[in-house]
Amino acid sequence: MTALAALVRRDIRIALRVGGGALIGVLFFLTVVVLMPFAVGPDLAQLARLGPAILWLGALLASLLTLDRLFMADHEDGSLDLITMSRTPLELACAAKALAHWLAAGLPLIVATPVLGLLLNLDMVATGAVALTLLAGTPALTFTGMIGAALAVTLHRGGLLMAVLVLPLSIPVLIFGVAASQAAITGPLSFGAPFSILCALSLVSLVIGPFAAAASLKHGLD
């Protein structure tokens, strides 16, 4: 546990440095949300209706933008080989790195959601619903994306491969995240059903993601 905690602290410190990549996702998220009102137009009702989908789409793209740094930097400086050969199970190390990535790059998106919701004419209830669904769903984006990042780390043009692999796996999270947000805001569907499925997707990715990523790294680095 000490080694895993040290790995989490190390990855968070690296991500928060200048050029570490943590703020890139937040800036991209901000850019998407700021530009959408110009594209949709001055209709505030339509903007509020599309607000949850815009926030979720921005969060998905921002998460995908920062996933390439999950293993690539460690692979380039050789520390990934040390992590692979250490006594700590590689599955737990992958889970720790994904947790650090979510804390550094995913959690700031949730914190920024209440402020950005004002730009989309969302009230406090709607903004809170979107933030709650992002809190439940963004771990699924991170742990699912970790599989694509592990597959792409040793392959040529891995960034394109990662996008091709991760986007289809992220579509169910996007669907149920937007559905839960819309249900909490306008109804008539119940909020509990899509939100429960969203939480289930995060739990499944939490279990499967580290094992799949560890298997990909072992196979790719051999």
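The structure presented is a predicted model; accordingly, all values stated were derived computationally and were not measured.

Cut-offs and rules
- For every chain, the first residue of the written sequence is number 1, and numbering continues from 1 along that sequence.
- Confidence filtering applies because this is a predicted model: local features only for residues at pLDDT of at least 70, side-chain atom pairs given and counted only at 80 or more, and all residues used for totals across whole chains, interfaces and linings.
- With hydrogens and water set aside, each side-chain value is computed from the structure's full complement of heavy atoms.
- Here pLDDT means the predictor's own confidence in every residue, given as a number from 0 to 100.
- Strands here mean DSSP runs of E at least two residues long; helices mean DSSP runs of H or I at least four residues long; both are numbered from the N terminus.
- Contact definition: two residues touch when any of their heavy atoms are within 4.5 Å.
- All axes are obtained by fitting lines to C-alpha atoms, using only the stretch in contact for helices, and the reported angles, taken between N-to-C directions, cover 0 to 180 degrees.
- For this classification, under 35 degrees means roughly parallel, over 145 means roughly antiparallel, 65 to 115 means roughly perpendicular, and everything else is oblique.
- Handedness of a crossing is defined here by the sense of rotation of the near helix relative to the far one, left-handed for an anticlockwise turn of less than a right angle and right-handed for a clockwise turn.
- All amino acids are sorted into three groups, where Ala, Val, Leu, Ile, Met, Phe, Trp, Tyr, Cys and Pro are nonpolar, Asp, Glu, Lys and Arg are charged, and the leftover types, Gly among them, are polar.

A. Examining the confidence of the model for the protein chain more closely. Summarising the model, the protein chain shows a mean pLDDT of 83, and 93% of its residues fall at 70 or more. Put simply, helix α4 (residues 72–77) is where the protein chain has its lowest mean pLDDT, 76, and helix α7 (residues 124–152) is where it has its highest, 89.

B. Focus on the side chain of T127. Inspection of the secondary structure assignment puts T127 in helix α7. Contact partners of T127, with chain neighbours within four places excluded, come to T113, P114, G117 and L122.

C. Geometry of the side chain of T138. Checked against the element boundaries, T138 lands in helix α7. With near-sequence residues (within four places) excluded, T138 lies in contact with W56, W102 and I110.

D. Inspection of the packing of helix α3 (residues 44–66) against α7 at higher detail. Closest axis-to-axis distance for the α3/α7 pair is 11 Å, and the angle between their directions is 25 degrees. Regarding the angle of α3 to α7, the classification is roughly parallel. Here α3 and α7 pass one another in a crossing that is right-handed. Between α3 and α7, the residues in contact are P52, L55, W56, A59, L60 and S63 and V130, T133, L134, G137, T138, L141 and T142, respectively. Residue composition of the contact of α3 with α7, grouped by class: eight nonpolar, five polar and no charged.

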